[in-house]
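# Residue-level structure breakdown
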Amino acid sequence: MAMRETNPSFMNGVPELLILRLLEQEEMYGYEIVQAIRSRTDAVIAVGEGVVYPVLHGLESSGALRSRRKTVSGRSRIYYSVTAAGRRRLADLSATWSNLTSAIQKVLTGAQYGEAI
Amino acid sequence: MAKQFDELRERLLRAGVAPRHVRRYLGELGDHLTDLKAEERKAGRSRAEAEAAAMGRLGGVDELSQAMIGRREFQSWSVRAPWAAFGVAPLLVLAAAWYVALFILWSGWNVFLPESSTPFVRLQGVAILFFGIGRSIFFGAPILVGWGVGLMAARQRLKAVWPVVSLVLIALIGGTGQVHVSRTPVAGGLGYIGMNFNVGPGSLRGVPAGVVHALVILLITAAPYFVWRLMRARHVLA
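How each quantity is defined
- Residues numbered from 1 in each chain as written.
- Chains lettered and ligands numbered in written order.
- Predicted model: local features only at pLDDT ≥ 70, side-chain atom pairs only at ≥ 80, totals over all residues.
- Helix = DSSP H or I, 4+ residues; strand = E, 2+ residues; numbered from the N terminus.
- Buried ≥ 20, exposed ≤ 12 C-beta atoms within 10 Å, placed from the backbone.
- Domains from an automatic or database assignment.
- Contact = placed C-beta atoms within 7 Å.
- Nonpolar A, V, L, I, M, F, W, Y, C, P; charged D, E, K, R; others polar.

## Here we look at the overall build of chain A
The helix and strand tally for chain A stands at five helices and three strands. A buried classification covers 27% of the 117 residues belonging to chain A.

Written as structure tokens, this is what we have:
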């Protein structure tokens, strides 16, 4: 298989957040999820596309997602959707992520430094 | 791609990922790859280019395997707790099967032979079939459980240590388990059936019957597993 450059930070809790957010809106299968992540992040988040499946399976085994096999246009695929537990998890992850980005933004813009002076 | 998936499958199984998770993962990767190839072809690439681009986008074997291996929830019980999978579980299954066999013996004794002091007598009619089922379960259970152990070990690509320990244990218990019966002093009362484990009174050329029985069970249960290992080793070498 060809080697490709990926973004390691993608694996640090972000995929769960993105996947839960996307699936909150509609059920999707793996390929659709990856394409949606790519298009909505303007391909900033790069990852070996197959890596999405362990994340999906992990979320499913923890009860955040449910899956069902559905045949569309003659092809059988596994579609994923968010459960009530998944919505709670999404809320928690979103809050954590918002706090984190806001804190980082403060450091980057120097707001904290300015306030301290 | 099939070859790359073979490599991925072997790597995941050897790392302890449960076969059902591996099967599902590879199935979804296969579907994803088909979609990627179609997308690349639609973009105007040749078949070979589309295939190469699709493989690159899917991820390398290292990346795909690490994403799965790093998650403990996908680990097989035979890797997480081999003592339970190859020690406790087979013995529990064997005990359950023997319980059913002894229940059949006990109920058949009370239904078909209420006056007999033992169920081990010449039988007639439906009783032959009824007791035959119990006898088949009793003698067949160690062999079926042993084959199950071999199958589990083969599917997970495990090293031979735990399966061999399990097969020897099953053979010893299966070979030395003996049924004994007694009737309560009350005429026509319920019979008592129990089990004990010893090498038995009889012998074959000086070797106790229980040991011979255990060796036969070990041979029958271990043979398919070791034949599979041999064929697999040859396949890998080839």
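## Thoughts on the domain arrangement of chain B
All names here are of chain B. Partitioning chain B into structural domains gives domain 1 (2-74) and domain 2 (78-237). For domain 1 and domain 2, the distance between their C-alpha centroids amounts to 42 Å. Facing five residues of domain 1, the contacting portion of domain 2 comprises four residues. Residue contributions to the side of domain 1 that touches domain 2 peak at three residues, all from helix H1 (residues 2-14). Of the residues that constitute the side of domain 1 that touches domain 2, the class distribution is two nonpolar, one polar and two charged.

## Regarding the environment of B:Arg135
Residues and elements named next belong to chain B. Mapped onto the elements of the fold, arginine 135 is located in helix H7 (residues 126-155). Take arginine 135: there are 13 C-beta atoms within 10 Å of it, and that puts it in the partly exposed class. It is 29 Å that separates the C-alpha atoms of arginine 135 and tryptophan 83, two residues lying 52 residues apart in sequence.

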